[in-house]
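# Geometric and topological summary
So the chains spell out like this:
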Amino acid sequence: MMERPDGTQAPLRLMVINPNTSEAITARIQALAEDEAGPDVAVTAVTARFGAPYISDRAGAAIAADAVLDVAKAASQESGEPDAIVIACFGDPGLEALQAAFACPVVGFAEAGLRAAAAEPGPFMVATNGEAWCDMLSELAGTIGLSDRISSFLSIGDAAARDAELCRAVITEEAERTGAARVVLGGAGLIPILADVATDLPLPLIDPHRAAIRKAIALARSDPSFTSP
């Protein structure tokens, strides 16, 4: 954080990058980030300048990794480097490249959510919409050493992605089948229904989007309860 001429601290600057090219998704993510971050954090949400409107496969994710680095550098040149960056995609495309390119903390939705769930005892499940994402998230879990903590990766399907009650039922059935103690439910397209899904869900729901915002802010403020990835 920068100090103003009068000695007071300027708000922490958080850049949130939407790797999709959809401005509607960016607006949704910015609203969530501002709500979670609070008034002492200046949130800037930026949209990938090329790639898929909504990433749904490996090809889209690979392009998004380049797009994330591109837009982060462009935004930093225009407005200055932020105090922290969040990659707002439940799959973290471009995470390692950004961590290498920027001195500030860089956090991704997926890793933050998985680590938050792993901090509690017992196995947990990971749910999103899309079999391709389940495969990629499984690989990410292996990379960060959490595969043995995860009971299953579940693609909830398009119908459940639009219906909180159906989504809740699908997750509950899978949790009972696998013995999951909690669920990480992620994906920008699912943000509008997360609160309703959590209502009456018989197991705790980890919101990876909010977990990532909290972690990025804590790292930028050097909170010792968080460790860099």
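Let us look at the structure shown here. Computed from a predicted structure; not experimentally measured.

### Observations regarding the pattern of salt bridges
Summed over all chains, the structure comprises nine salt bridges. Between E36 and R214 there is a salt bridge whose closest N-O contact spans 3.3 Å. Note that E36 is positioned in helix α1 (residues 23-37) and R214 in helix α9 (residues 208-220), a separation of 178 residues in sequence. Judged by its relative accessible area of 23%, E36 is partly exposed. In this structure, E111 and R115 form a salt bridge, with 2.8 Å as the shortest nitrogen-oxygen distance.

### Observations concerning helix α7 (residues 164-178)
Taking 1.5 Å per residue, 15 residues should reach 21 Å; α7 reaches 21 Å between its end C-alpha atoms and fits that length. Of all the residues in α7, the buried ones are A164, C167, R168, I171, T172, E174 and A175. Where α7 is buried, its residues touch β5 (124-128), β6 (150-155), α6 (158-162), β7 (182-185) and α8 (194-198). A distance of 3.0 Å separates the backbone nitrogen of E165 from a side-chain oxygen at the start of α7, and that oxygen is part of D163. G179 lies just past α7 and shows a positive phi near 80°.

### Quick notes on the side chain of S22
On the secondary structure map, S22 appears in the loop between β1 (12-18) and α1. A polar contact is formed between the side chain of S22 and the backbone nitrogen of I25, at a distance of 3.2 Å. Ignoring anything within four residues of it in the chain, the contact list for S22 reads T47 and P53.

### So, unusual backbone geometry
In the Ramachandran plot, D92 falls in the positive-phi region, its phi being about 60° despite a non-glycine side chain. If you trace the backbone, D92 turns up in the loop between β3 (84-87) and α3 (95-101). Relative accessible area serves as the criterion here: at 6%, D92 is assigned to the buried category. At D200, a residue that is not glycine, the phi angle is positive and equals roughly 70°. Position of D200 among the secondary structure elements: in the loop between α8 and β8 (205-206). Taking relative accessible area as the criterion, D200 reaches 68% and is therefore assigned exposed.

What counts as what
- Residues numbered from 1 in each chain as written.
- Predicted model: local features only at pLDDT ≥ 70, side-chain atom pairs only at ≥ 80, totals over all residues.
- Heavy atoms only, no water.
- Salt bridge = Lys/Arg side-chain N within 4 Å of Asp/Glu carboxyl O.
- Helix = DSSP H or I, 4+ residues; strand = E, 2+ residues; numbered from the N terminus.
- Buried < 20%, exposed > 50% of the residue type's maximum accessible area, 1.4 Å probe, protein only.
- Expected span 1.5 Å × (residues − 1).
- Contact = heavy atoms within 4.5 Å.
- Polar contact = N/O pair within 3.5 Å; in protein donor to acceptor, adjacent residues only side chain to side chain.

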